[in-house]
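Structural description and commentary
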Amino acid sequence: MLIVGAGPTGLVLALWLTRFGVRVRIIDKLATSGTTSRALAVQARTLEYYQQMGLAQAVVDRGHRVPALNLWVRHNQAARIPLENLGQGLTPFPFPIIFPQDEHETLLIDRLREVGVEIERLAELVAFEDLGGEIRATVRKGGVLDTGAYAYLAGCDGARSRVREVLGSGFPGGTYDHLFYVADVEAAGPPMNGELHVDLDDADFLAIFPLSRDGRARLIGSVRDDAARDHEHLQFDDVRGRAVQNLQVEIRRVNWFSTYRVHHRVAQQFRKGRAFLLGDAAHIHSPVGGQGMNTGIGDAVNLAWKLAAALEHSSSAALLDSYEVERIAFARRLVATTDQAFTAVISSSAWARFVRTKVVPALAPGLFRMPALRRFMFRTVSQTALHYRDSPLSEGSTGTLRGGDRLPWVSTGSDGAFNFAALAAMNWQMHVYGAPEPGLQALSDRRGIPLHVFAWQAAMKQAGLRRNAVYLVRPDGYIALGDTLGRAAAISAYLDKNKIKPATENQ
Ligand SMILES: Cc1cc2nc3c(=O)[nH]c(=O)nc-3n(C[C@H](O)[C@H](O)[C@H](O)COP(=O)(O)OP(=O)(O)OC[C@H]3O[C@@H](n4cnc5c(N)ncnc54)[C@H](O)[C@@H]3O)c2cc1C
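Residues numbered from 1 in each chain as written. Predicted model: local features only at pLDDT ≥ 70, side-chain atom pairs only at ≥ 80, totals over all residues. Heavy atoms only, no water.

**Some words on the pattern of salt bridges**
With the rule as written, the count across this model stands at 26 salt bridges. For E48, the salt bridge identified is with R45, shortest N-O distance 2.5 Å. Remark: R45 and E48 occur in helix α2 (residues 44-52); sequence separation between them is three residues, near one turn of the helix. Here D184 ties to R218 by a salt bridge, and the two come within 3.0 Å at their closest N and O atoms. Here D184, found in strand β13 (residues 173-188), pairs with R218, found in strand β16 (residues 216-223); they are 34 residues apart in sequence, far enough to count as distant. (Salt bridge = Lys/Arg side-chain N within 4 Å of Asp/Glu carboxyl O. Helix = DSSP H or I, 4+ residues; strand = E, 2+ residues; numbered from the N terminus.)

Below is the structure:
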C-alpha cells in the first residue's frame, strides 16, 4: 500500500492502516514535516477518532482549550460568548481546542515511529498506472527513479496533487478575490488572554486565535485591495495597523507571516480503480470554521478500515465503493456551507456590514445562551453531526437514529464508563442498550463480531437510542444498521449482503 504525502491526512491513514496490520510505504517529497502552525482547530469528531487510537489525551494535554469568543466592533469589545463545554453531554470533548498543525504532525510522526513506520523523505511520486490487479508507481528518490507494485495508492498529496493530475480527475470550483494573511506573533494587550477575538469593524476581516495562554497568537486578516496588488512584497508591517489600532494589540515579535488566496474546489472523483484521493488533494475550501485538516483526517479514517478489509478479504472490495459516496457528499456540503459563511464574513455590501457590526454583536450572546442553538452550532462545527445516511452501507432506523448516524456517546453506568470505550477495538461490533435477543450472542460467537450489552439508562433515550434495539457499529463508530426489534436475523442478513468479516487487528 503506497501513501503519497505525509501531511495530517497521510499520517493518520498510515497510523490507522498499521493498526489493522497493513504494511504501508509512506513517502513525501519534502525533506522535513511542516514547521508552521497552519490548521489550528482540532474538532471533537477528530478527537473521538483519536480516542479510538489512544491519541486524544496527548492532543488535549498539549493543545489549548479556547474558553470564549469575543466580538469587537469599532475599537470596543461588543460581546463575549463562552465556548467552554459548548457540546456538554454530546461528546467526551465538548470544547474547542487549538493545536498547531506543526506540533500535531510531530505527534503523529512520533506515534508512527513507535509502531515501526518511518516516512521516506525526498521521495516524490512522479507517475503511476493502474494495471487492474495492482498499481505500478514510480518514485523519484535521490535523483533515482524506482518503480514498484502496490495493491492500492492513496493520494494524500495536498492541493496540487500529482495523484489527482495523473487520475485526470478535475478539480472544479474557484478562487476568492480577497487576499489573506496569516501571522504567528508574540504580543501583549487585551486580546492576548487565551481567548478567540474577531474584529467585525468594516469590510475587512481580522481574527486572533490564541496559540497558548502566554501571549502567542495567530492573526488572520484580509488584505485591503490597494495593498494586495503588491502582495509579493507585502510585509507584516503593511497590515499590522488594524490589530494595533482596533484591538490594542502590542506586537513584540512576528514568528511567521504569509499571504494566501482561498480556494473552494472538490475533485470530481475521489476514487478511480485502485487509486484514492484524500484531504486537500480531494477538497479545499475557506478556513472558516477550521474544517479543512479535520475533513482530511475524516477521509483517512473512513478509508483505512475499508482498505484493510479489502486487503484482508478480497470479497470486501465492494466496501471501497462507499468511500467516495460517503466522503464526496460531505465535502460538497462543506464547501457550500463554508462558502456561504465566508462570503458573509468578507462581503463589503452595506447590508452585510450592518449585519456584522450591529446585528451579530447584539444577538449572538443571547442566541448562544439558547441550549438548542449551542447544541446545533457545536454539532455542526465539531463534525459530530456528520452522517452517512445516504450511503449504500447504511440501513434501518430505530426512531430518530438511523443507519449512517454517528453512534451517540452515552454514559453506561455510575462508574464513569461510556459506550465509546468499546470503539477502541476499532472493529465491527454490536451494541444493545437494554436486553439482547437470545440469538445475538450465538451470532456474535459464530461471526466473531463482539456483542456489547449496556444496562438501560434514561439518558440513553435522550441520546436517541432505543431500548433493546440492536446496533451494528462500523470500525469508525458509525451505525451501519439499527434494528428496533433487536433481531439477530437482521444483522446476519446485513453481514452476508455486504460480505462483512471481522478484521484482524495489529495491537
Ligand atoms: C497558510 C496556511 C494556513 C492554513 N490555515 C488553516 C486553518 O486555519 N484551518 C484549517 O483547517 N486548515 C488550514 N490550512 C489548511 C491545512 O493546512 C490543510 O487542510 C492540511 O494541511 C491538509 O492536509 P493534507 O495532509 O491533506 O495535505 P498537506 O498538508 O498539504 O500534505 C501534503 C503532503 O504531500 C506531499 N506531496 C505533495 N506532492 C507529492 C508527491 N508528488 N510525492 C510525494 N509527496 C508529495 C507534500 O510535501 C505534503 O507534505 C492552512 C494552510 C495554509 C498553507
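**Overview of the pairing of β16**
With seven of eight residues buried, β16 lies mostly within the body of the structure. As defined by bridge partners, β13 adjoins β16 across eight bridges and the pair is classed as antiparallel. Within β16, the residue paired with V185 across the bridge is A217. Connecting the antiparallel pair strand β15 (residues 206-210) and β16 is a turn made up of five residues, with G215 showing a positive phi of about 80°. (Buried < 20%, exposed > 50% of the residue type's maximum accessible area, 1.4 Å probe, protein only. Pairing = 2+ DSSP bridges.)

**Things to note about helix α4 (residues 101-114)**
The end-to-end C-alpha separation of α4 is 20 Å, in line with the 20 Å expected for 14 residues at 1.5 Å each. Restricting attention to buried positions, one finds in α4 the residues Q101, D102, H104, E105, L107, L108, I109 and L112. Structurally, α4 contributes buried residues whose contacts are with α1 (8-19), β3 (41-42), α2, α3 (56-62), β8 (120-121) and α9 (292-312). Immediately downstream of α4, the backbone of G116 shows phi near 90°, a positive value. (Expected span 1.5 Å × (residues − 1). Contact = heavy atoms within 4.5 Å.)

**A short note on the site of the ligand**
Among the 27 residues in the neighbourhood of the ligand, the closest are listed as T9, D28, Q101, L125 and D280. Between the ligand and T9, the relevant distance is 2.8 Å, taken from an oxygen atom to a side-chain nitrogen or oxygen of the residue. The side chain of Q101 places a nitrogen or oxygen atom 2.7 Å from an oxygen atom of the ligand. Within the complex, 83% of the 1,000 Å² of free accessible area of the ligand lies under protein. Per-element tally for the shell around the ligand: the top contributor is strand β9 (residues 123-130), with three residues. Per-class residue counts for the shell around the ligand are ten nonpolar, nine polar and eight charged. (Near = heavy atom within 4 Å. Polar contact = N/O pair within 3.5 Å; in protein donor to acceptor, adjacent residues only side chain to side chain. Areas by Shrake-Rupley, 256 points an atom, 1.4 Å probe, with all protein chains shown as cover. Nonpolar A, V, L, I, M, F, W, Y, C, P; charged D, E, K, R; others polar.)

**Quick look at the environment of V223**
Note that V223 resides in strand β16. On the basis of relative accessible area, V223 is assigned to the buried category, the value being 2%.

**Points about the pairing of β9**
Note that β9 and strand β10 (residues 135-141) share seven bridges and pair antiparallel. Counted as the bridge partner of A127 is T138 from β10. Between β9 and β10, which pair antiparallel in sequence order, lie four residues; one of them, G132, sits at a positive phi of approximately 90°.

**Examining the layout of surface pockets**
Here the idea is plain: a probe the size of a water molecule rolls over the atoms and shows the empty space left. Counted as a void, the second largest pocket has a volume near 590 Å³. Residue lining of the second largest pocket: 23 residues in total, with L90, R375, R379, P408 and A463 positioned closest to the centre. Where the lining of the second largest pocket is concerned, the elements lending two or more residues are α12 (371-381) and α14 (458-462). With three residues, the single largest contributor to the lining of the second largest pocket is α14. Looking at side-chain class alone, the lining of the second largest pocket contains ten nonpolar, seven polar and six charged residues. The residues that make up the lining of the second largest pocket include at least three from each of domain 2 (64-98 + 174-262 + 352-380) and domain 3 (395-497). (1 Å grid on protein atoms, 1.4 Å probe; cavity = no way out; pocket = protein on both sides within 12 Å on 5 of 7 lines; lining within 4 Å. Points joined across faces, edges and corners; volume = space filled by probe spheres on them. Domains from an automatic or database assignment.)

**Remarks on the sheet that holds β15**
If you trace the eight strands from one edge of the open sheet to the other, you get β6-β5-β14-β15-β16-β13-β17-β20, paired in mixed fashion. Sheet topology places β6 (76-82) and β20 (283-284) at the edges, where each strand pairs with a single neighbour.

**Quick word on the sheet that holds strand β25 (residues 470-473)**
With respect to topology, four strands assemble into an open sheet ordered β24-β23-β25-β26, the strand pairing being mixed. Edge positions in the open sheet fall to β24 (451-454) and β26 (479-483), since each of these has one partner strand only. When the angles between neighbouring strand axes are averaged without regard to direction, this sheet yields 20°. The pairing of strand β23 (residues 429-433) with β24 spans four bridges and is classified as parallel. (Axes fitted to C-alpha atoms, helices over the stretch in contact; angles between N-to-C directions.)

**A few points about a nonpolar patch on the surface**
A surface patch of nonpolar side chains, about 260 Å² in accessible area, is lined by L363, L367 and M370. Turning to its location among the elements, M370 is positioned in the loop between α11 (350-369) and α12. (Patch = residues over 30% accessible without salt bridge, like charges linked within 9 Å, V, L, I, M, F, W, Y side chains within 5 Å.)

**Here we look at the nonpolar core**
One finds I3, W16, L17, L153 and L472 to be the most contacted residues of the largest nonpolar core, which totals 129 residues. The dominant element in this core, judged by the number of residues it contributes, is α9, at eleven residues. Other than its neighbours up to four places away in sequence, L472 contacts W428, Q429, M430, I449, Y478, I479, A480, L481, I491, Y494 and L495. Listed in part, the 19 residues of the second largest apolar core include A183, I208, A217 and L234. (Core = buried A, V, L, I, M, F, W, Y, C linked by side-chain atoms within 4.5 Å.)

**Some thoughts on the domain arrangement of the chain**
According to the domain assignment, the chain consists of domain 1 (2-63 + 99-171 + 267-346), domain 2 (64-98 + 174-262 + 352-380) and domain 3 (395-497). Taking only C-alpha atoms, the centre of domain 1 and the centre of domain 2 are 28 Å apart. At the interface, 28 residues of domain 1 touch 26 residues of domain 2. Here domain 1 packs against domain 2, burying approximately 2,100 Å² in sum over the two surfaces, 66% of which is carbon and sulfur. (Buried area = accessible area lost by both parts, 1.4 Å probe.)

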